[in-house]
Amino acid sequence: MKRTFTIAAFCLISMSAFAQQFVIRGTKDERTEPMKPTMSEFYYPKIAKVTPGDQATSAAPSDAIVLFDGKDLSMWQSSRGGEAKWTVNPDGTMTVNKDFKNGGGDIMTKDTFRDFQLHIEWCVPENITGSGQARGNSGVYLQNKYELQVLDSYDNDTYVNGQAGAFYKQSAPLVNPCRKPGEWNVYDIIYQAPTFKEDGTYRTYPFVTVIFNGVIVQNHTMLVGTTEYIGFPTVEPHGDGPILLQCHGDRSEPISYRNIWIRNL
Ligand code: MG
């Protein structure tokens, strides 16, 4: 008992001595002794000042890249190359173009991104028809690899890892805060890109947090691979990638998006 006490006391004294000599660069006071409150106060690097957007309208903050401001699709292109040909509406929204023969199909950003915060709003038309996966299906693909499902999930039964707020066939949402057709839904997505080993497997996995209409539905979720319709996620080494919006081939009425902005982290 006495020996244990002696060892513990020695450790405490050693730790205390170490702390006394610990120098933290970049603090206001870099002296080693005596210990002062300033030794644990960091001043650099300075934190960037950002003007917050109006939260009532989810307006873009000052350091965001606005991907869709309601006026045009200049930040977007067709995933098959060429111009993005979705419909830009007079009310500042854009609607999926399902006419694959005439320039419809998926669209993606011209820019590519790594770690980011993405804000995007979507609305299923009030007159939506269909059921299950064929009812307002779209999706937000992060880095063109990992699909956050967009689907009318207000009163529409389907597999839980395929409903709105799910990472398709990987991770069901924690809850379902989906608004009814005709009302706007909001996704705020915080994404941390993966890194890869030389052999092509993940060194660090992609992690993502999703806030859906103000409610956390994915809480620092680890993705284990790319989104696959059939089979299991696969691991494909990739670098920065675009945001892709899905034009799903189902026959239900096309959904709309608005107010899309992104911040690099
Ligand atoms: Mg989808």
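Above this note sits the structure.
Per chain, residues are indexed from 1 in the order of the written sequence. Note on the predicted model: pLDDT of at least 70 is required for a residue's local features to be given, and 80 or more for side-chain atom pairs to be given and counted; whole-chain, interface and lining totals, by contrast, use all residues. Side-chain measures here rest on the full set of heavy atoms in the structure, leaving out hydrogens and waters.

(A) Summary view of the overall build of the chain. Along the backbone of the chain there are one helix and 15 strands. Only protein chains enter the area calculation, which uses a 1.4 Å probe; residues under 20% of their type maximum are buried, those over 50% are exposed, and those in between are partly exposed. Counting over 265 residues, the chain shows a buried share of 43%. We call two residues contacting when some pair of their heavy atoms lies within 4.5 Å. Contacts in the chain between residues at least 24 apart in sequence constitute 62% of all its contacts with a sequence separation of at least 6. In these tables, accessible area is a Shrake-Rupley quantity obtained with a 1.4 Å probe, and a residue counts as shielded only by the protein chains included in the view. For the chain, the exposed area adds up to about 14,900 Å²; of that, 55% sits on carbon and sulfur atoms. Segments assigned H or I by DSSP are reported as helices when at least four residues long, segments assigned E as strands when at least two residues long, and all are numbered from the N terminus.

(B) The pattern of salt bridges, seen in detail. Any Lys or Arg side-chain nitrogen found within 4 Å of a carboxyl oxygen on Asp or Glu counts as a salt bridge. Counted according to the given criterion, the structure contains seven salt bridges. Between Asp 63 and Arg 263 there is a salt bridge; the shortest N-O distance is 2.8 Å. Residue Asp 63 is found in the loop between helix 1 (2-21) and strand 1 (65-68), and its partner Arg 263 is found in strand 15 (residues 256-264); the two are separated by 200 residues along the sequence. A relative accessible area of 35% places Asp 63 in the partly exposed class. Residue Lys 98 pairs with Asp 250 through a salt bridge whose shortest N-O separation is 3.4 Å. Of this pair, Lys 98 sits in the loop between strand 4 (94-95) and strand 5 (107-109) while Asp 250 sits in the loop between strand 14 (244-245) and strand 15, placing them 152 residues apart in sequence. Using a relative accessible area of 22% as the deciding quantity, one classes Lys 98 as partly exposed. The class of Asp 250 is buried, set by a relative accessible area of 8%.

(C) Structural context of the pairing of strand 6 (residues 116-123). The element strand 6 is extensively covered by neighbouring structure, given that seven of its eight residues are classed as buried. Sheet topology note: the strand 6/strand 15 ladder contains seven bridges and is antiparallel. Paired with Glu 121 across the two strands is Arg 258, which belongs to strand 15. Only strands that DSSP links by at least two bridges are regarded as paired with each other.

(D) The layout of surface pockets, seen in detail. The rule is simple: put a 1 Å grid over the protein atoms alone, call a set of points where a 1.4 Å probe fits but cannot get out a cavity, call an open set with protein on both sides within 12 Å along at least five of seven lines a pocket, and count a residue as lining if it has an atom within 4 Å of a point. Grid points are joined across faces, edges and corners, and a volume is the space filled by probe spheres set on the points. Its volume calculated, the largest pocket comes out at about 300 Å³. Together, 16 residues line the largest pocket, and Gln 55, Ser 58, His 119, Asp 188 and Trp 261 are the ones closest to its centre. Only strand 6 and strand 9 (184-192) provide two or more residues apiece to the lining of the largest pocket. Broken down by class, the residue content of the lining of the largest pocket amounts to six nonpolar, seven polar and three charged. Residues were grouped as follows: Ala, Val, Leu, Ile, Met, Phe, Trp, Tyr, Cys and Pro as nonpolar; Asp, Glu, Lys and Arg as charged; and all remaining residues, including Gly, as polar.

(E) Structural context of the coordination of the magnesium ion. Only nitrogen, oxygen and sulfur atoms count as donors, using a 2.8 Å cut-off from the metal that widens to 3.2 Å for Na, K and Ca. Water is left out, so coordination shells may look unfilled. Coordination sphere of the magnesium ion, protein contribution only: Asn 137 (OD1), Ser 138 (O), Glu 147 (OE), Gln 149 (OE1) and Gln 246 (OE1), at 2.2 to 2.3 Å. Site description for the magnesium ion: donor spacing in sequence, N-S-x8-E-x1-Q-x96-Q. Of this pair, Asn 137 sits in the loop between strand 6 and strand 7 (138-142) while Glu 147 sits in strand 8 (residues 146-150); the two residues are ten residues apart in sequence, bridging distant segments of the chain. On the basis of relative accessibility, which here comes to 5%, the residue Asn 137 falls in the buried class. Glu 147 gets classed as buried once you look at its relative accessible area, which sits at 2%.

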